[in-house]
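# Architecture at a glance
Given next are the chains, with one letter for each unit.
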Amino acid sequence: MPVQPSDAAGGGLVRTPSGVLVPADVDPFHRTLHHVAPSGLLGQTSQTSGMKRLEAISGKTVGAENLWMGQTHVAASTASGNHHHGASETAIYVVSGHPVFVFLDVEGDEPVEHRIQTSPGDYIFVPPFVPHREENPDPETEAVVVIARTTQEAIVVNLDGLNWSEVKIR
């Protein structure tokens with residue numbers, strides 16, 4: 001059954017230059033897929049010592065409204081600075097290398113530094129505000145991960161340590 005203009009929620013339909021009816025509240029920029037090749041990654045994003053973040057999908061690059069996605073590179077024999085990502089949830093996919101994700105486990109009787117060793121194909125979930133760092137113990141190989149966040153921009157709050165004393169929840 002063909003879609004009629006009155007069927008769309010929030011204001012009806014409009015006809016595109018090619019003659020297709022689309023919801024009126026979807027702007028032209030958000031009606032197409034966007035391709036970002038490796039050469040199009042941006043390095044002008046929030047950074048933490050010991051790692052390099054490259055921005056792929058964001059409000060700046062493709063007009064994303066609720067998502068940030070990119071890569072992080074940690075050189076051989078390097079540890080990043082301690083940091084958190086504010087209210088953003090972060091999902092990490094290990095592409096290459098064997099990065100170690102370090103955080104302070106505060107659920108027991110005493111806080112304990114916890115280390116998660118990973119391999120290519122592994123996923124890590126970092127909840128909002130959790131202080132952590134990435135380490136690459138391999139003396140020869142760079143570690144590369146893909147990161148997705150629930151905000152359109154890279155929120156990075158650099159910290160002196162892994163404890164929660166510097167975390168400000170707003």
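Keep in mind the model is a prediction, meaning the values are calculated, not measured. (Residues numbered from 1 in each chain as written. Predicted model: local features only at pLDDT ≥ 70, side-chain atom pairs only at ≥ 80, totals over all residues. Heavy atoms only, no water.)

A separate point is the confidence of the model for the protein chain. On average, residues of the protein chain score 87 in pLDDT, and 91% of them reach the 70 mark or higher. Below pLDDT 50 for its whole length, residues 1–8 participates in 7 contacts with residues either more than four positions away or in separate chains. (pLDDT = per-residue confidence, 0-100. Contact = heavy atoms within 4.5 Å.)

So, on to empty space enclosed by the protein. One way to see where empty space is left: roll a probe the size of a water molecule over the atoms. This model, assessed by the stated rule, comprises 2 cavities of 30 Å³ or more. A volume near 40 Å³ is recorded for the largest cavity. Among the elements that make up the lining of the largest cavity, the one with the highest residue count is strand 12 (residues 143–149) (3 residues). Each residue belonging to the lining of the largest cavity can be placed in one class, and the counts come to 5 nonpolar, 3 polar and 3 charged. Roughly 30 Å³ of volume is contained in the second largest cavity. What lines the second largest cavity is simply Thr72, Val74, Pro99, Phe101, Glu134, Ala143 and Val145. Of all the secondary structure elements, the ones that give two or more residues to the lining of the second largest cavity are strand 4 (68–74) and strand 12. Residue classes in the lining of the second largest cavity are distributed as 5 nonpolar, 1 polar and 1 charged. (1 Å grid on protein atoms, 1.4 Å probe; cavity = no way out; pocket = protein on both sides within 12 Å on 5 of 7 lines; lining within 4 Å. Points joined across faces, edges and corners; volume = space filled by probe spheres on them. Helix = DSSP H or I, 4+ residues; strand = E, 2+ residues; numbered from the N terminus. Nonpolar A, V, L, I, M, F, W, Y, C, P; charged D, E, K, R; others polar.)

This part covers the sheet that holds strand 4. Taken in spatial order, the 5 strands of this open sheet run 3-4-12-7-10, and their pairing is antiparallel. This sheet does not close on itself; its edge strands, each paired only once, are strand 3 (52–57) and strand 10 (123–126). If you compare each strand with its neighbour and ignore which way they point, the axes differ by 25° on average. (Pairing = 2+ DSSP bridges. Axes fitted to C-alpha atoms, helices over the stretch in contact; angles between N-to-C directions.)

A few words on unusual backbone geometry. At Ser77, a position not held by glycine, the phi torsion is positive, near 50°. Positive phi outside glycine occurs at Phe129, with the angle close to 70°.

A few words on the pattern of salt bridges. Counted by the stated rule, this structure contains 5 salt bridges. Two residues, Lys60 and Glu55, come together in a salt bridge whose shortest N-O distance is 3.4 Å. The class of Glu55 is buried, set by a relative accessible area of 1%. Between Glu135 and Arg115 there is a salt bridge; the shortest N-O distance is 2.5 Å. Taken together, the positions of Glu135 in strand 11 (residues 132–136) and Arg115 in strand 9 (residues 112–117) put the pair 20 residues apart, joining distant regions of the chain. A network of salt bridges, in which partner residues are shared, links Glu113, Arg115, Arg133 and Glu135. (Salt bridge = Lys/Arg side-chain N within 4 Å of Asp/Glu carboxyl O. Buried < 20%, exposed > 50% of the residue type's maximum accessible area, 1.4 Å probe, protein only.)

Right, let's talk about the packing of aromatic side chains for a bit. The geometry of an aromatic ring pair comes down to the distance between the two centres and the angle between the two planes. Taken as a whole and judged by the stated rule, the model has 1 aromatic pair. Plain terms: the ring middles of Tyr93 and Tyr123 are 4.9 Å apart, the flat faces sit at 50° to each other, and that makes the pair tilted. With a gap of 30 residues between them, Tyr93 in strand 7 (residues 90–96) and Tyr123 in strand 10 connect regions that are remote in the sequence. If you follow Arg149 out to its NZ or CZ, it ends over the ring of Trp68, 5.0 Å from the centre. (Phe/Tyr/Trp six-rings, centres within 6.5 Å; stacked < 30°, edge-to-face > 60°. Lys NZ or Arg CZ within 6 Å of the ring centre and 35° of its normal.)

Further remarks concern the nonpolar core. The biggest cluster of nonpolar side chains holds 10 residues, and these are Trp68, Ile92, Val94, Phe101, Ile124, Val126, Val130, Val145, Ile147 and Ala154. Listed by contribution, the elements that provide at least two residues to this core are strand 7, strand 10 and strand 12. If near-sequence neighbours (up to four positions away) are discounted, Trp68 is found in contact with Thr45, Leu54, Glu55, Ile57, Ser58, Ile147, Ala148, Arg149, Thr151, Gln152, Glu153 and Ala154. (Core = buried A, V, L, I, M, F, W, Y, C linked by side-chain atoms within 4.5 Å.)

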